[in-house]
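In case you want the letters, here they are:
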Amino acid sequence: MTAPRFAGFGPAVTDWFVALASDNSRSYWAATRDIWQRDVRDPLEALLEELAAEFGGRPKLFRPYRDMRYHSDAGPLKPQAGGLLLDIPGTASSRYVEVSADGFYAGAGMHRLEPDALRRYRQAAAGDAGAVLLRELDAAEAAGLEVGGEALRGAPQGVPRDHPHLAVLRRKGVYLGATLPPSGALETRAPLEHAIRVWERAGAVCGWLDRHVGAPPG
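Residues numbered from 1 in each chain as written. Predicted model: local features only at pLDDT ≥ 70, side-chain atom pairs only at ≥ 80, totals over all residues. Heavy atoms only, no water.

Caption draft 1: Geometry of the sheet that holds strand β4 (residues 103-110). Here six strands make up an open sheet; going across it, the order is β1-β2-β3-β4-β6-β5 and the pairing antiparallel. Looking along the sheet, the strands with just one partner apiece sit at the ends: β1 (58-61) and β5 (146-148). When strand polarity is set aside, the average angle formed by the axes of neighbouring strands in this sheet is 25 degrees. Pairing between β4 and strand β6 (residues 174-180): seven bridges, direction antiparallel. (Pairing = 2+ DSSP bridges. Helix = DSSP H or I, 4+ residues; strand = E, 2+ residues; numbered from the N terminus. Axes fitted to C-alpha atoms, helices over the stretch in contact; angles between N-to-C directions.)

Caption draft 2: The arrangement of the nonpolar core in detail. Grouped together as the largest cluster of nonpolar side chains are 57 residues, with contacts concentrated most on L51, V97, F104, Y121 and W208. At 10 residues, helix α2 (residues 26-55) tops the list of elements feeding residues into this core. (Core = buried A, V, L, I, M, F, W, Y, C linked by side-chain atoms within 4.5 Å. Buried < 20%, exposed > 50% of the residue type's maximum accessible area, 1.4 Å probe, protein only.)

Caption draft 3: Representation of helix α4 (residues 128-142) in the model. Between its first and last C-alpha atoms α4 spans 22 Å; for 15 residues at 1.5 Å apiece the expected length is 21 Å, and the two agree. Along α4, the positions that sit buried rather than exposed are A129, G130, L133, L137 and A140. Down the axis of α4, the sector holding all buried residues measures 100 degrees, keeping them to one side. Exposed positions of α4 whose direction lies more than 90 degrees from the buried face are D128, R135 and A142. As for α4, its buried residues are in contact with α3 (115-125), β5, α5 (166-169), β6 and α7 (203-212). Downstream of α4 by a residue or two, G144 has a phi angle that is positive, lying close to 100 degrees. (Expected span 1.5 Å × (residues − 1). Arc of directions from axis to C-beta. Contact = heavy atoms within 4.5 Å.)

Caption draft 4: Structural view of the environment of E146. Residue placement: E146 occurs in strand β5. For the pair E146 and T179, spaced 33 residues apart in sequence, the C-alpha to C-alpha distance is 9.1 Å. Discounting chain neighbours no more than four positions away, the residues touching E146 are Y175, L176 and G177.

Caption draft 5: How the structure looks around the packing of helix α1 (residues 13-22) against α2. Axis separation between α1 and α2 bottoms out at 9 Å; the angle between their running directions is 155 degrees. Between α1 and α2, the interaxial angle falls into the category roughly antiparallel. Between α1 and α2 the crossing geometry is left-handed. Packed against α1, whose contacting residues are V13, W16, F17, A19 and L20, the element α2 presents Y28, W29, T32, I35, W36, D39 and V40 at the interface. The class makeup of the residues in the contact of α1 with α2 is 10 nonpolar, one polar and one charged. (Parallel < 35°, antiparallel > 145°, perpendicular 65-115°, else oblique. Left-handed = near helix turned anticlockwise from the far one by under 90°. Nonpolar A, V, L, I, M, F, W, Y, C, P; charged D, E, K, R; others polar.)

Caption draft 6: Examining the packing of aromatic side chains more closely. In total, this model carries 11 aromatic pairs according to the counting rule given. Ring geometry for Y96 versus Y105: centroids 6.5 Å apart, planes at 55 degrees, classification tilted. When its relative accessible area of 16% is taken as the criterion, Y105 is described as buried. (Phe/Tyr/Trp six-rings, centres within 6.5 Å; stacked < 30°, edge-to-face > 60°.)

Caption draft 7: Seen up close, the pattern of salt bridges. The final tally for this structure, using the stated rule, is four salt bridges. Two residues, E50 and R189, come together in a salt bridge whose shortest N-O distance is 2.9 Å. One end of the pair, E50, is in helix α2; the other, R189, is in the loop between β6 and α6 (190-201), and 139 residues separate them in sequence. (Salt bridge = Lys/Arg side-chain N within 4 Å of Asp/Glu carboxyl O.)

Caption draft 8: Inspection of the pairing of β6 at higher detail. The buried fraction of β6 amounts to five of the seven residues, a majority that puts the element mostly inside the structure. Strand direction decides the pairing type here: β5 and β6, joined by three bridges, are antiparallel. When the bridges of β6 are listed, G148 appears paired with Y175.

As far as function goes, none of this settles anything; it's purely spatial.
This is how it looks when you write it as structure tokens:
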């Protein structure tokens, strides 16, 4: 069976999340779940299927429910609907998308580096490869992408504060992304085009991460 072609999110996509912010309750979910399915979930699934056809990998959509063990002071639903592509050939970097009241976001990179990966990242970033990463991040920002990822306030242990690559050595994750603001464009193929554009512009940084940080051999 052929996957449905992404034709845009439904007309209620951002309004649904705006209303959720005021009423994050099980009763709101029960009353509007069919709208969420039609205008949010089904289009997001179709979008990820098309992206998988373009980039490889397999789509994974995240559940709409929060884990209340860690969010007992919040409502049961997440304020965004998101997903990513898993097992993309030739890369260990993530490719992620989400839609919310803020619009449609696409991002790529390594959001949180585990200890072994962080060690490899800092070893590479401390040397000549760190200068390359700095240039690639500057180029990505000039192309309209935002650089994210958790970072230390100061220098990592053993790294002098005047190290020329301190800006990247402080990071514990590196990802790039951009948001398509809420508008009628979300109801067209613009989110798909936006995701492709963001992921392509993030390609040089993701390539750096794959070469220097990606899963170790064996």
